[in-house]
Structures are given as C-alpha cells and as structure tokens.
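Analysis of the macromolecular model
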Amino acid sequence: YGNFIDDLRLYVRGGTGGMGYPRLGGEGGRGGDVWFIARERTTLKSIKDRYPQKRFVAGTGANSSVKALKGEKGKDCEVHVPLGISVLCDDGKQIGELNAAGERFLAARGGLGGSLATNFVPCKGQRRIVHLDLKLIADVGLVGFPNAGKSSLLSKISHAKPEIANYAFTTVQPELGKIMYADYKQISVADLPGLIEGAHANKGMGHKFLKHVERTKQLLLVVDISGFQLSIKTRFRTAFETILLLTKELELYKEELLTKRALLAINKMDLPCAKDNLNELIKQLQNPQDFLHLLEEEMIPANTLEFKDIIPVSTYSGEGIEELKACVRKSIDEEAEKENEEYRKKKLLLLQASEGEQMNR
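Every value quoted in this text rests on a predicted model; they were computed, and no experiment measured them. (Residues numbered from 1 in each chain as written. Predicted model: local features only at pLDDT ≥ 70, side-chain atom pairs only at ≥ 80, totals over all residues. Heavy atoms only, no water.)

Before going further, it helps to examine the overall build of the chain. The secondary structure content of the chain amounts to six helices and 14 strands. Taking all 361 residues of the chain together, 47% fall into the buried category. Long-range pairs, those at least 24 residues apart, make up 73% of the contacts in the chain with a sequence separation of at least 6. On the chain, roughly 19500 Å² of surface is accessible, and the fraction owed to carbon and sulfur atoms is 51%. (Helix = DSSP H or I, 4+ residues; strand = E, 2+ residues; numbered from the N terminus. Buried < 20%, exposed > 50% of the residue type's maximum accessible area, 1.4 Å probe, protein only. Contact = heavy atoms within 4.5 Å. Areas by Shrake-Rupley, 256 points an atom, 1.4 Å probe, with all protein chains shown as cover.)

If you trace the backbone, Ser 158 turns up in the loop between helix H2 (150-157) and strand S10 (175-180). Among all residues touching Ser 158, those that are not within four sequence positions of it are Gly 177, Lys 178 and Ile 179.

Quick look at the sheet that holds strand S11 (residues 186-191) now. The sheet built from six strands is open, its strands ordered S10-S11-S9-S12-S13-S14 with mixed pairing. At either margin of the open sheet sits one strand with a lone partner, and together these are S10 and strand S14 (307-312). Taken pair by pair, the neighbouring strands of this sheet meet at an average axis angle of 25°, ignoring direction. Summarising the sheet, strand S9 (residues 140-143) and strand S12 (residues 218-224) pair through four bridges and their orientation is parallel. Within the sheet, the bridge partner assigned to Gly 141 lies in S12 and is Leu 219. (Pairing = 2+ DSSP bridges. Axes fitted to C-alpha atoms, helices over the stretch in contact; angles between N-to-C directions.)

Another point: helix H6 (residues 321-360). Because each turn of an α-helix spans 3.6 residues, side chains separated by three or four positions end up pointing in the same direction. Look at H6: 59 Å from first C-alpha to last across 40 residues, which is about the 58 Å you get at 1.5 Å a residue. The complete set of buried residues in H6 reads Ile 321, Leu 324, Lys 325, Cys 327, Val 328, Arg 329, Ser 331, Ile 332 and Glu 335. (Expected span 1.5 Å × (residues − 1).)

On to the packing of H2 against H6. Where H2 contacts H6, the two axes come as close as 10 Å, and the packing angle between them is 80°. What the angle tells us is that H2 and H6 run roughly perpendicular. Touching Leu 153, Lys 156 and Ile 157 of H2 are Ile 321, Leu 324 and Lys 325, all from H6. Looking at the contact of H2 with H6 residue by residue, the classes come out as four nonpolar, no polar and two charged. (Parallel < 35°, antiparallel > 145°, perpendicular 65-115°, else oblique. Nonpolar A, V, L, I, M, F, W, Y, C, P; charged D, E, K, R; others polar.)

Moving on, we come to the nonpolar core. Among the nonpolar cores identified, the biggest contains 59 residues, and Val 34, Phe 36 and Leu 132 are the most heavily contacted of them. The element that contributes the greatest number of residues to this core is helix H4 (residues 239-253), accounting for eight residues. For this core, the two domains that each supply at least three residues are domain 1 (7-134) and domain 2 (138-338). Residues within four places of Leu 132 in sequence aside, it is in contact with Asp 6, Asp 7, Leu 8, Leu 10, Phe 36, Leu 44, Ile 47, Val 81, Ile 85, Ser 86 and Val 87. (Core = buried A, V, L, I, M, F, W, Y, C linked by side-chain atoms within 4.5 Å. Domains from an automatic or database assignment.)

End to end, helix H5 (residues 274-286) covers 18 Å across 13 residues, agreeing with the expected 18 Å (1.5 Å per residue, within 8%). When H5 is considered as a whole, its buried residues turn out to be Ala 274, Leu 278, Leu 281 and Gln 284. For H5, the angular spread of the buried residues around the axis is 125°, confining them to a single face. The exposed residues of H5 that point more than 90 degrees off its buried face are Lys 275, Asp 276, Asn 279 and Gln 286. Where H5 is buried, its residues contact H4, strand S13 (261-267) and S14. (Arc of directions from axis to C-beta.)

Our focus in this paragraph is the environment of Arg 41. Position of Arg 41 among the secondary structure elements: in the loop between strand S2 (34-38) and helix H1 (44-50). Along the sequence, Arg 41 and Ala 101 sit 60 residues apart, while their C-alpha atoms lie 10.0 Å from each other.

Shown next as structure tokens:
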C-alpha cells in the first residue's frame, strides 16, 4: 500500500490529578486532557514519523499547598491530525469524527485532583487505545477496475502526477488531484486503488479502497470501452458487465454509496472498434434489464446507478477531456445549489415556527 497510511493505532492517557491538602481542605489540580485537533497539511505518516512510540500522555495536575490551596490543572496534550478522521475504540466502535480544520475531539480526560470528596487522593486520568481511521475527503472519487485509465485521467484533468504503467495494479495508494478552472474554482478528485471482483469481501485492496469512496461527494466511474480481464484465470468482462460489477461491489459494501451522484467516463476511445462498442454500450445502458442475462445472477446489482452524464474520453488523444471537466463542474455546482436550497427551506420553516409560537403567546 506504498507509504500511504490510512489507519493508525495510538495510546492516549489523561494526566493524573494533583494531591489534595487534608489539613486545610486544599484541592489538587485536575490532570491535563489529550485532544485531537484537525489540521490541514497533516498526515498520519507524519504523526507516526514524529512520534514513533505512538503514546500521548497529558500533564499531571499540581498538588495543593499552603501557598496555593487549589492546584493548577495539568498541561493538555494536543495532537494534530488530518481532516477526514474517524476516531475508533479498540473494539471498532466509532467515538468521534474530525472533518473540518480546527475541529477538536477529547481523546482522554484528565483525572480529578484530590479533594474532600476523594479523601484528598487524586484520580488517575482516562486511558485507552484508539484508532485513527482516515477516509479521504474529495469532491469526486474515481471508481474503476485496474488498468481502466484512472491514473492517466487524473493526470490529464488535474495537476497530479501519479505513476502510470501498462499493468493492472499501478496505483497502490490513493492519489489526490485538483481540477483548476479559468475562474479559479478548484474541484478535488481522488484516484483510488483499483477494485477487483470480490472487493466488498476485502479481496485485493478491498475495504482499504472502498472506505475512501464514502467521503467523496460524487462518483466518477471510469470504464475501458474494450472491456477488462484481470488475469488469464479470470473471465473477460465487457464494458457493460464492468459497470454492473462495479455497481454490485459498491452496493455490497454500503448501499448508501449508490445514492451519490454518478458520472460515467468511457475511456480509451482512440482504440479501433471503440465507436461500435460505444453504440452497443449506450444501447445496453438505456435498457439494462434486457441484457442482465449476460451476467451470473449473484453478480447482478439490486439497483443500477443512474448516470447524470456519459462522456466518451481518450486520455491518449485528449478527446472529451474538456467536456468531462465541464460536466464535473456542472454536477458539483448543481449539488451545492441543491444543498443551499434545502438549507434555506429549513431556516424558513424554523423562522415560521418561532413566529407562530410568539403569536400564540
């Protein structure tokens, strides 16, 4: 999976409280807390490199004394983490999320200082093992089988420079690129490691790939017009079968993924017979029910993806690249407008409800 790390296990411990002062009823300071703070330009790899022990312990509270009956709180320990982090307990249960810069999460609380309630004995801080699970936040996620040309497409539409080679698993770690438009609008695109049949069951890159699709706003399926075959031992799949198999993998992993907006890029249109294959594919996508018999029953998705746009492209000749960028922009803008409209409606309803309450009084 290259040098890319998307899961990190840490030990966190809140500081112990300070001693109380029984003779004068003095109260020890509370132990410091351990906080996770979301910060841009931070990676899990940088945390691992900087803190190889992966232990984070907050400061101890000050003891109560004649000079200061109430001891000072221990020093907090602040850990800067990347955006798009889910915080999980050791048993896999999610306890927090950090999606925007500056967001904070209390990972371990400090112990209380010694006081009358605790017989002037300080309490220990909370301790636990947590997992930081990263899911890339991007506007668009590229979804496709290996060698569909996702890396080439990303390099054409953005400033990213992923490694590109003519064998199946070129991409072994997620790549992020940004599409830059003439009016300075930027749209982030994530190229994610190639799916294979059975990815939902964690085959190949399995969940390591699929979890990154969850946080992308939209999907862009990239399909090779000439079809796909992973190896000599596996079956050859046509472009239509590939689309259904990709849909099935997304559905089996998490059904909600199919509710995301989706675009379809038909790649390698510079190949001979590509035009005939495209006409056939369009026919199949218009009436998918008539062609489902081509696949084994267990591979047919319960719901098919509705594509907002279908764009034939060639990363080799550059055909359709500008049109694809325009479609991505239009789709993202439409979704943002829809979200704003929903937000405005909610605000209006709240306003009307509060006005109604005031009138009733």
